[in-house]
Amino acid sequence: DTLRVGIIGTGVMGSDHAHNLARGVRGAALVAIADAAADRAQALAAEVGVETVFTDGTQMIDSGQVDAVIIAVPDPFHATLVEACLDAGLPVLCEKPLAPTVAEAVRIIKKEDTLDHPLLTVGFMRRFDPSYLAMRARLATGSEGALLMTHSCHRNVEAYPGQDSSATVTNSAVHEIDVLPWLAGSPITEVQWLSGRPSSLIDERIDPQLLLMRAADGVLHTVELQVHAQYGYDVRCELVCERGSIEMPSVPSLVEADEYVVSANLARQAAYPADWRPRFAAAYRAELAAWVEASLAGGLPAEAATGRDSLRATIVADALVRSMNEGGALVQVPSVESVMTEEA
Ligand code: ISE
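No experiment lies behind these values; they were computed from the predicted model shown.

Reading the values: rules and limits
Residues numbered from 1 in each chain as written. Predicted model: local features only at pLDDT ≥ 70, side-chain atom pairs only at ≥ 80, totals over all residues. Heavy atoms only, no water. Pairing = 2+ DSSP bridges. Helix = DSSP H or I, 4+ residues; strand = E, 2+ residues; numbered from the N terminus. Contact = heavy atoms within 4.5 Å. Axes fitted to C-alpha atoms, helices over the stretch in contact; angles between N-to-C directions. Parallel < 35°, antiparallel > 145°, perpendicular 65-115°, else oblique. Left-handed = near helix turned anticlockwise from the far one by under 90°. Nonpolar A, V, L, I, M, F, W, Y, C, P; charged D, E, K, R; others polar. Near = heavy atom within 4 Å. Polar contact = N/O pair within 3.5 Å; in protein donor to acceptor, adjacent residues only side chain to side chain. Areas by Shrake-Rupley, 256 points an atom, 1.4 Å probe, with all protein chains shown as cover.

1. Side note on the sheet that holds strand β7 (residues 147-155)
For step 1, the next point in the chain: The strand order β12-β11-β7-β10-β9-β8-β16 describes an open sheet built from seven strands, whose pairing is mixed. Both outer strands of the open sheet, β12 (245-247) and β16 (331-332), are each paired with one neighbouring strand and no more.
For step 2, the next point in the chain: Pairing between strand β8 (residues 188-195) and β16: two bridges, direction antiparallel. Paired with glutamate 190 across the bridge in β16 is glutamine 332.
For step 3, the next point in the chain: Taken strand by strand, helix α10 (residues 307-325) contacts β8, β9 (209-215) and β16, and its axis lies near 40 degrees from that of β8.

In structure tokens:
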């Protein structure tokens, strides 16, 4: 059996998924590409040897030519396309975040709840990253004792243009918002947003930002986001436990990215990737492989973020944006169930 996959969106992530599929994912064939910009769709299709191109994603979904869909369009367009996939009964891998607003995410989950079986997976690929998996496994051994705090740091070279301070939370920090409870095993119940001294290199948003997130079991997560950090793509994480700490290796991407450490001129230097693709290359491949395998078997990949996990992440992000808008107030995070009832 071959899963005929279609990709909607030909930006950074649509292209990355297309190239990964073209290089070969067991059980899958990339058969169609859609983008409102016909020239971009054509160009990517030519690069990866695909013949069928659509300029309308919903047409692709309804064409009968694809068995499963990857959505990699800008965040505000996710909801409509995910809903079209659910209506068509197609497994869908939607890039993170599921949706930037709680209302959209709730609408999607309500629709998914009416289906016989869930079809939605969200591309929180850090759950497939070897370094996060290793830290999670180590924490579970209990060797370092109970987890008390975590510290994360997430830096991009340059901010996407045209986005405001809330995008740092809903588009970037949403990774930590998903992965930290997955890692630490307790949901986030209370949040606070703080600003660093704003960088003079960017006007559109406050950068850096510091997010404090309290989990139900009392663990405190600190997350520093700097999306216009200039020097490189850098993700760090440390788990502070009662008897020791568990830390992500400082440059885990070196092997993956064919990088090396150079010693010369009285200095020792390691390269940083320019963005997340080299850093999380193994994670993206593992995520795709797991999604294809599960889709062929009629289920969802066990480790991936489900629709509900992703609604939860959107609710936490929304609470952080509320804290931002209220000048750093402490904000309680409502439960998924209460939000689902409220939005009824
Ligand atoms: C981007 O959209 C991603 O998902 C990257 O993984 C993240 O590091 C970056 O901050 C986001 O803007």
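From this point, the discussion proceeds with the structure in view.
2. Focus on the packing of helix α5 (residues 102-113) against α10
For step 1, the next point in the chain: The interhelical angle for the contact between α5 and α10, taken along N-to-C directions, is 165 degrees, at an axis separation of 9 Å. Regarding the angle of α5 to α10, the classification is roughly antiparallel. Where α5 crosses over α10, the two elements pack in a sense that is left-handed. Touching Val102, Ala105, Val106, Ile109, Glu112 and Asp113 of α5 are Gly307, Arg308, Leu311, Thr314, Ile315 and Asp318, all from α10.
For step 2, the next point in the chain: For the contact of α5 with α10, a count of residues per class yields six nonpolar, two polar and four charged.

3. A few points about unusual backbone geometry
For step 1, the next point in the chain: Cis geometry is adopted by the peptide bond preceding proline 97, which originates at lysine 96 and carries an omega value of -15 degrees.
For step 2, the next point in the chain: Cis geometry is found at the peptide bond from aspartate 207 to proline 208, where omega equals 0 degrees.
For step 3, the next point in the chain: Tracing the backbone shows proline 208 in the loop between β8 and β9.
For step 4, the next point in the chain: Positive phi outside glycine occurs at glutamine 230, with the angle close to 70 degrees.
For step 5, the next point in the chain: Position of glutamine 230 relative to the elements: it lies in the loop between β10 (220-226) and β11 (234-241).
For step 6, the next point in the chain: For leucine 266, which is not glycine, the phi dihedral falls at a positive 65 degrees.

4. With respect to the pairing of strand β13 (residues 261-264)
For step 1, the next point in the chain: For β13 and strand β14 (residues 267-270), the ladder comprises four bridges, and the chain directions are antiparallel. By the bridge assignment, valine 262 is partnered in β14 with glutamine 269.

5. Some thoughts on the sheet that holds strand β5 (residues 92-95)
Sheet strands line up and pair through hydrogen bonds in the backbone, either parallel or antiparallel.
For step 1, the next point in the chain: With mixed pairing, the seven strands of this open sheet are ordered in space as β3-β2-β1-β4-β5-β6-β15. Two strands lie at the open edges of the sheet, namely β3 (52-54) and β15 (305-306), each paired on one side alone.
For step 2, the next point in the chain: Two elements, strand β4 (residues 68-71) and β5, share three bridges in a ladder whose sense is parallel. Pairing of isoleucine 71 across the sheet is with cysteine 94, part of β5.

6. What to know about the site of the ligand
For step 1, the next point in the chain: By nearness alone, every residue bordering the ligand is listed as Lys96, Met125, His154, Asn156, Tyr160, Asn171, Ser172, His175, Tyr233 and Trp276.
For step 2, the next point in the chain: A distance of 2.6 Å separates an oxygen atom of the ligand from a polar atom in the side chain of histidine 154.
For step 3, the next point in the chain: At 2.7 Å from an oxygen atom of the ligand is found a side-chain nitrogen or oxygen belonging to serine 172.
For step 4, the next point in the chain: Protein chains bury 94% of the 300 Å² of accessible surface belonging to the ligand in isolation.
For step 5, the next point in the chain: Here the shell around the ligand takes three residues from helix α7 (residues 165-184), the largest share from any one element.

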